[in-house]
Amino acid sequence: MEKRVVALTGDRPTGRLHLGHWVGSLKNRVEMQSAFDQYIMIADVQALTDYFENPQKVMDNVLEVTADYLAVGIDPELSTIFIQSQIPSLSELTTYYMNLVTVSRLERNPTVKAEIAQKAFGESIPCGFFCYPVSQAADITAFKTEVVPVGDDQLPMIELSNEIVRRFNKVYNTDCLKVARAKPGAIGRLVGIDGKAKASKSLGNAIFLSDSPEVIREKVYSMYTDPNHIRVSDPGKVEGNVVFSYLDAFYEDKDELAALKTHYSSGGLGDIVLKSLLDTVLQSRIQPIREKRENLSRKYLLEICLQGSQKAKSVAQKTLQEVKEAIGINFSPLKF
Ligand code: TRP
């Protein structure tokens, strides 16, 4: 079989996936899986850096996330879905990489910096949390990943991983680790239904792939539009109007959408008409996903995860061997 470029992404299993994930990564993964050797990691170890006091929440969501993957069309024959905690080599690689990163370098990581501020750790930053970018470098390098299709907030992680790779290869005079690149342009971003920041589970402003028709409808009808669009005859704003952002992302008739935007901006088009259209569009998008999801047994989902983990385990193990070999940790009897 021809050798394909390895792509790897991951999700922390802290909740079910939503339309923001669909726009930001799932859609892209479905497109990539036939052209790349694609690994999709359920990052339960990384999730525990945040939820170590509530491991049940992480465990409960591993299969939920897997169900979301399969329901949107990620095909376990084409993509390797695996669970991070089942790959012990990742922890070993992390240990060796820790030597190659300084504390001040980790402190400068903008994503970690923002998370530290947001979590209000003060002086008590857990070491595991602080070092998760090093463990992410292990995730990326273990599979000889070349492409990491992630959003902007993850770019500092790829940068750090590449620094570790260069440092490792130089210090141990090897080329066993590969640098990786992001996949620019592939990643979209979806606003929350409240118009704030991005759709996210923790902000409670997302529409989930598993939401019922009633909940979807309720969320669509509560969407932020243009607060100054009071009477139907008033001209309305398209920019910053969440209903239009969602139509941009999910409504396929682009000519009709352009006409609706013109109509809305000049006045005479009510929010309710638009919301009803969006509701129809989203219902028909989500219905097959929800139905497929409901038909997946936990037994089957677990099987997929364990099969994927088996494969991932042997690939990562091989890289770990090369890494130990490069460092010179080789206690094979043949050497003595
Ligand atoms: N940090 C990523 C997130 O929060 C998840 C993740 C863990 C990841 N390891 C990875 C993404 C490796 C890409 C590559 O979404």
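Position labels on residues start from 1 in each chain and follow its written sequence. Reporting in this predicted model follows two pLDDT cut-offs: at least 70 for local features of residues, and 80 or more for side-chain atom pairs to be given and counted; totals over whole chains, interfaces and linings ignore these cut-offs and use all residues. Note that water and hydrogens are dropped before the side-chain values are worked out from all heavy atoms of the structure.

1. Notes on the state of the cysteines
Under the convention used in this document: Cysteine sulfur atoms that come within 2.5 Å of each other are treated as a disulfide pair.
Taken as a whole and judged by the stated rule, the model has zero disulfides. No disulfide involves Cys131; its nearest neighbouring cysteine sulfur is the one of Cys127, lying 4.4 Å away.

2. Section: the layout of surface pockets
The cut-off we apply is this: Detection works on a 1 Å grid of protein atoms alone, calling trapped sets that fit a 1.4 Å probe cavities and calling open sets with protein on both sides within 12 Å along at least five of seven lines pockets, with lining residues defined by an atom within 4 Å of a point. Grid points are joined across faces, edges and corners, and a volume is the space filled by probe spheres set on the points. Runs of H or I in DSSP of at least four residues are treated as helices and runs of E of at least two as strands, each being numbered from the N terminus.
Computed from the structure, the second largest pocket encloses a volume of approximately 610 Å³. Lining the second largest pocket are 29 residues, and of these Asp37, Tyr39, Thr80, Lys311 and Val315 sit closest to its centre. Of all the elements in the fold, those that place two or more residues in the lining of the second largest pocket are β2 (37-42), β3 (79-83) and α14 (298-327).

3. Overview of the nonpolar core
Note the following rule: Residues belong to one nonpolar core when they are buried, are Ala, Val, Leu, Ile, Met, Phe, Trp, Tyr or Cys, and are joined through side-chain atoms within 4.5 Å. Note on classification: 1.4 Å probe, protein chains only; a residue is buried when its accessible area is under 20% of the maximum for its type, exposed when over 50%, partly exposed between these limits. An automatic or database domain assignment is the source of the domain bounds shown. Whether two residues touch is decided by their heavy atoms; if any such pair falls within 4.5 Å, the residues are in contact.
Leu19, Tyr69, Ile207, Tyr246, Phe250 and Leu282 are the most contacted members of the largest nonpolar core, which has 49 residues in total. Here this core gets eight residues from one element, more than from any other, and that element is helix α3 (residues 55-72). Summarising the domain contributions, this core has at least three residues from each of domain 1 (6-191 + 299-335) and domain 2 (213-293). Beyond its immediate stretch of four places on either side in the chain, Ile207 contacts His18, Leu19, Ile193, Ile216, Lys219, Val220, Met223, Tyr246, Leu282 and Ile286. Ranked by size, the runner-up nonpolar core spans 43 residues in total, among them Leu93, Tyr97, Val150 and Leu320.

4. Side note on the domain arrangement of the protein chain
The condition is simple: As a working definition, buried area equals the accessible area (1.4 Å probe) given up by two parts on being put together, with both sides summed. Think of a salt bridge as a Lys or Arg side-chain nitrogen and an Asp or Glu carboxyl oxygen that are within 4 Å of each other.
Segmentation of the protein chain into domains returns domain 1 (6-191 + 299-335) and domain 2 (213-293). A separation of 36 Å is found between the C-alpha centroids of domain 1 and domain 2. With 12 residues of domain 1 in contact, the opposing surface of domain 2 contributes 11 residues. Both sides of the domain 1 and domain 2 interface together cover about 960 Å² of buried area, and 67% of this is carbon and sulfur. In this assembly, domain 1 and domain 2 are joined by two salt bridges. Its salt-bridge partner being Arg293, residue Glu64 comes within 2.8 Å of it at the nearest N-O pair.

5. As for the packing of aromatic side chains
Here is the rule we go by: Pairing of aromatic rings covers Phe, Tyr and Trp, the last counted by its six-membered ring, and requires centre-to-centre distances within 6.5 Å; plane angles under 30 degrees mean stacked, over 60 mean edge-to-face, and any other angle means tilted. Working rule: Lys NZ or Arg CZ, within 6 Å of ring centre, within 35 degrees of ring normal, means a charge sits over the ring.
As enumerated under the stated definition, the model contains nine aromatic pairs in all. Relative to Phe143, the ring of Phe82 lies with its centre 5.1 Å away and its plane at 50°, an arrangement referred to as tilted. Taken as a pair, Phe82 in strand β3 and Phe143 in the loop between α8 (132-142) and β4 (147-148) lie far apart in primary sequence, 61 residues in all. With respect to burial, Phe82 and Phe143 carry one shared label: buried. Cluster of aromatic residues (ring-pair linked, three or more members): Tyr39, Phe82 and Phe143. Taking the ring centre of Tyr132 as reference, the NZ or CZ of Arg12 above it sits at 4.7 Å.

6. A short note on the packing of helix α11 (residues 242-250) against helix α12 (residues 254-266)
To keep it simple, the criterion reads: All axes here are fitted lines through C-alpha atoms, helices being fitted over the stretch that makes contact, and every angle between N-to-C directions spans 0 to 180 degrees. Should an angle lie under 35 degrees it is considered roughly parallel, over 145 roughly antiparallel, and from 65 to 115 roughly perpendicular; all remaining angles are considered oblique. Take the far helix as your reference; a near helix turned counterclockwise from it by less than a right angle gives a left-handed crossing, and one turned clockwise gives a right-handed crossing. When residues are sorted by character, Ala, Val, Leu, Ile, Met, Phe, Trp, Tyr, Cys and Pro go into the nonpolar class, Asp, Glu, Lys and Arg into the charged class, and all the rest, Gly among them, into the polar class.
Taken N-terminus to C-terminus, the directions of α11 and α12 make an angle of 165°; their axes are 10 Å apart at the nearest point. As judged from the angle between their axes, α11 and α12 are roughly antiparallel. In this structure, the crossing between α11 and α12 has a hand that is left-handed. Where α11 approaches α12, its residues Phe244, Leu247 and Asp248 are matched on the opposing element by Lys254, Leu257, Leu260, Lys261 and Tyr264. Across the contact of α11 with α12, the residue classes break down as five nonpolar, no polar and three charged.

7. Here we look at the pattern of salt bridges
With the rule as written, the count across this model stands at 18 salt bridges. The salt bridge partner of Glu163 is Arg105, with a shortest N-O separation of 2.8 Å. Linking Glu163 in helix α9 (residues 155-171) with Arg105 in helix α5 (residues 103-107), this pair joins segments that are 58 residues apart in sequence. Note on Glu163: relative accessible area 33%, which makes it partly exposed. On the basis of relative accessibility, which here comes to 13%, the residue Arg105 falls in the buried class.

8. Overview of the pairing of strand β1 (residues 6-11)
As a reminder, the rule being used: In this description, strands pair whenever DSSP reports at least two bridges between them. Look down the strands so they point away from you; if going from the first strand over the helix to the second traces a clockwise path, that crossover is right-handed.
Along β1, five of the six residues are buried, which leaves the element largely enclosed by surrounding structure. Across six bridges, β1 lies against β2 in parallel orientation. Bridge pairing in β2 links Asp11 to Ile42. In this fold, β1 hands off to helix α1 (residues 19-32), which returns the chain to β2; that crossover is right-handed.

9. A few points about the packing of helix α10 (residues 213-221) against helix α13 (residues 271-294)
At a closest axis distance of 9 Å, the pairing of α10 and α13 adopts a crossing angle of 150°. Both α10 and α13 take part in a crossing whose hand is right-handed. Of the residues in α13, those touching α10 at Pro213, Ile216, Arg217, Val220 and Tyr221 are Ile272, Lys275, Ser276, Leu278, Asp279, Leu282, Gln283, Ile286 and Arg290. Across the contact of α10 with α13, the residue classes tally to eight nonpolar, two polar and four charged.

10. What about the site of the ligand?
As a reminder, the rule being used: Any residue with a heavy atom positioned within 4 Å of a molecule or strand is treated as near that molecule or strand. Two N or O atoms form a polar contact when they lie within 3.5 Å of each other; inside protein one atom must be a possible hydrogen donor and the other a possible acceptor, and for residues adjacent in sequence the pair counts only when both atoms belong to side chains. The protein chains shown are the only cover counted for residues, whose accessible areas, like all others here, come from Shrake-Rupley with a 1.4 Å probe.
Close to the ligand lie 13 residues; Met41, Gln46, Gln136, Asp139 and Gln154 are nearest. In the model, a nitrogen atom of the ligand is placed 3.0 Å from a nitrogen or oxygen of the Gln154 side chain. Across the complex, the protein chains shield 88% of the 370 Å² of accessible surface that the ligand would expose by itself. The set of elements that each furnish at least two residues to the shell around the ligand consists of β1 and α8. Each residue belonging to the shell around the ligand can be placed in one class, and the counts come to six nonpolar, five polar and two charged.

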